[in-house]
Amino acid sequence: TSESIMHPCRLAWVLIAALVAQLGDSVDRLIQVQVVTRHGARTPLPKHAVTLSEGGSSLTPTGEKQLYDLGNWLRTRYLMYPEMLQYNSSRVRISSSAFDRTLVSAQFLALGLFPDSARGGNRSLLPQNITRANIPVYTQAEKNDIEIRAYANCPTFQATLQQLYASNDFNAREQQHMNLLRKVAQHPLFTGYATVVNGDTFVPLEEIWNVYDAINVAMTECTPDPTTQECLSLPNPSVRNFLTDSEWRELQDVAHFVEHTKFGRETAGDVLGTNLLLRIAENIRKDNSSLRSWVVFSAHYPTILSLFAALDSYATNPALGQETIPNYASALIFELYEDDVTREREVKMVFKEGLQNKTAILDFGGFCAGIVSGQRCPASTFTQSIATKLTHTDVSGWCSVCENKYADACMAAALDVGSNDGDGSDCDGKEAALVGTAVGSFILGGVIVFLGQCTITRLSTKKRDAQKEKMVEESKGQGSVPDSAP
């Protein structure tokens, strides 16, 4: 009969359950993905070699497409976890530094990761085929960004850079490339970076980023079509043809060397990546009721290099490339898995280099001793290592070492005022304390007024009682008692 025949869908689930039982008693599932990205292709970005202050730069259409593709790649990577692919405002957090190129990059990544069909069933009044802009991107003032851009808010690091540029090793490397440095000094676009020493005109090695970036942007935006608006709007599009192929390769190598040296472990230690690693570890430790499925940090290549330095990743992951700047749309990914039965958690660290579809599974090195290369790390081991192996394990220590006295979190730490959890709120500990003081003063004022009223009432009552007693005594002497008190 029809009742005796199991429905095909139910039968499929039974078979799957039986297969799972044969494979083991428990199954782990992906419960969180944290991604640290570099923004997409952009307009030229001049930087100061020491202060790291920079000019304005905007994402180009090429950069928009790169981050959209990254978001789509992430969505495809986790198709087997459909619960991760639906946008939930309480489970998704996208943060960005306060720059056009990272804020817009975050928005385009969100478009690829969460298409309109994944953004909930709320009614939309927009025209058809228009994706709603209903995924917020959180940021904060530049001076308060001590996670994504810690490197730009650490005065002692700037002093370290000055020492680096004056070192014998750095000057020796400069001499190795002097012919190239002399040639680029001749181009009108780079004369402002040139210096003259004993009649010799050249671009100092510490300024080589500004030369490299201008040429690299021109190559990116003018290839294959030099007639695009993005190409023609550049200060000097023809600069892409200024160097020979061998000179361009040399410029790439030396520029990447300088940036790696600046933000690498030998120069910066683990200081620049500490605060963001502490945030990542905090996100991993949260219980399931408050755990976020997605945490995205729209960042910069120094952010990724700083994390690699803090984790000493280059020592155990030769596939990363010892002197390569992470390309546009690169992503450092922390995947968190949980066993359905034991509730044990494990972390997997993956790096996607720019536009390449392949990824490298990264070793944790000293942050997860004892595991075989390529294996996941127990989450408790990883977070405990971050809490104990880093030079500084809290914001207060970082502020002290960096001599940062202007970020809100550092001022709060100096005043020993408890700040908030730093998860995007614009109200820091100091402001919270002031608000608390104001509220407390208001309440205290109300109490004082109430007590004053009580005191006046009691005094009035005592006065009336005294008058009543006096009248009673007088009435007794006259042989009568009033009907009521006055």
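Up top is the structure.
The present account deals with the structure reproduced in this document. Worth saying up front: this structure is predicted, and the values here are computed from it rather than measured. (Residues numbered from 1 in each chain as written. Predicted model: local features only at pLDDT ≥ 70, side-chain atom pairs only at ≥ 80, totals over all residues. Heavy atoms only, no water.)

### Details of empty space enclosed by the protein
What counts here: Cavity: a set of points on a 1 Å grid over the protein atoms alone where a 1.4 Å probe fits but cannot get out. Pocket: an open set with protein on both sides within 12 Å along at least five of seven lines, its lining residues, like those of a cavity, having an atom within 4 Å of a point. Grid points are joined across faces, edges and corners, and a volume is the space filled by probe spheres set on the points. Strands are runs of DSSP state E lasting at least two residues, helices are runs of H or I lasting at least four, and both sets are numbered from the N terminus onward. When residues are sorted by character, Ala, Val, Leu, Ile, Met, Phe, Trp, Tyr, Cys and Pro go into the nonpolar class, Asp, Glu, Lys and Arg into the charged class, and all the rest, Gly among them, into the polar class.
Under the criterion given, the structure shown has 2 cavities of 30 Å³ or more. What the largest cavity holds in volume is close to 110 Å³. In this structure, the largest cavity is lined by 16 residues; those nearest its centre are Lys47, Glu54, Tyr151, Tyr301 and Pro302. Broken down by secondary-structure element, the contributors of at least two residues to the lining of the largest cavity are helix 9 (245-263) and helix 12 (301-311). Here the lining of the largest cavity is built from residues that sort into 7 nonpolar, 2 polar and 7 charged. Its boundaries defined by the atoms lining it, the second largest cavity holds a volume of some 60 Å³. Elements with a contribution of two residues or more to the lining of the second largest cavity: helix 7 (208-222) and helix 9.

### Describing the pairing of strand 5 (residues 294-299)
Here is the key point about a regular strand: its side chains alternate between the two faces of the sheet. What counts here: Each residue is placed in one exposure class: buried if its accessible area under a 1.4 Å probe, protein chains only, is under 20% of its type's maximum, exposed if it is over 50%, and partly exposed if it falls in between. Strands qualify as paired when DSSP identifies two bridges or more between them.
Of all the 6 residues making up strand 5, 6 are buried; the element is thus mostly covered by neighbouring parts of the structure. Every second residue of strand 5 is oriented toward a common face, with Trp294, Val296 and Ser298 on one face and Val295, Phe297 and Ala299 on the other, all of them buried. Here 6 bridges tie strand 1 (residues 28-38) to strand 5, and the two strands are oriented parallel to one another. Paired with Arg38 across the strands is Ala299, a residue of strand 5. The pairing of strand 2 (residues 92-96) with strand 5 spans 5 bridges and is parallel. Bridged to Arg93 within strand 5 is Val295.

### Brief notes about the layout of surface pockets
In this structure, the second largest pocket spans a volume of roughly 410 Å³. Around the second largest pocket sit 17 residues that line it, and His260, Thr261, Gly264, Arg265 and Glu266 are the ones nearest its centre. Residue contributions to the lining of the second largest pocket peak at 4 residues, all from helix 9. Residue classes in the lining of the second largest pocket are distributed as 7 nonpolar, 6 polar and 4 charged.

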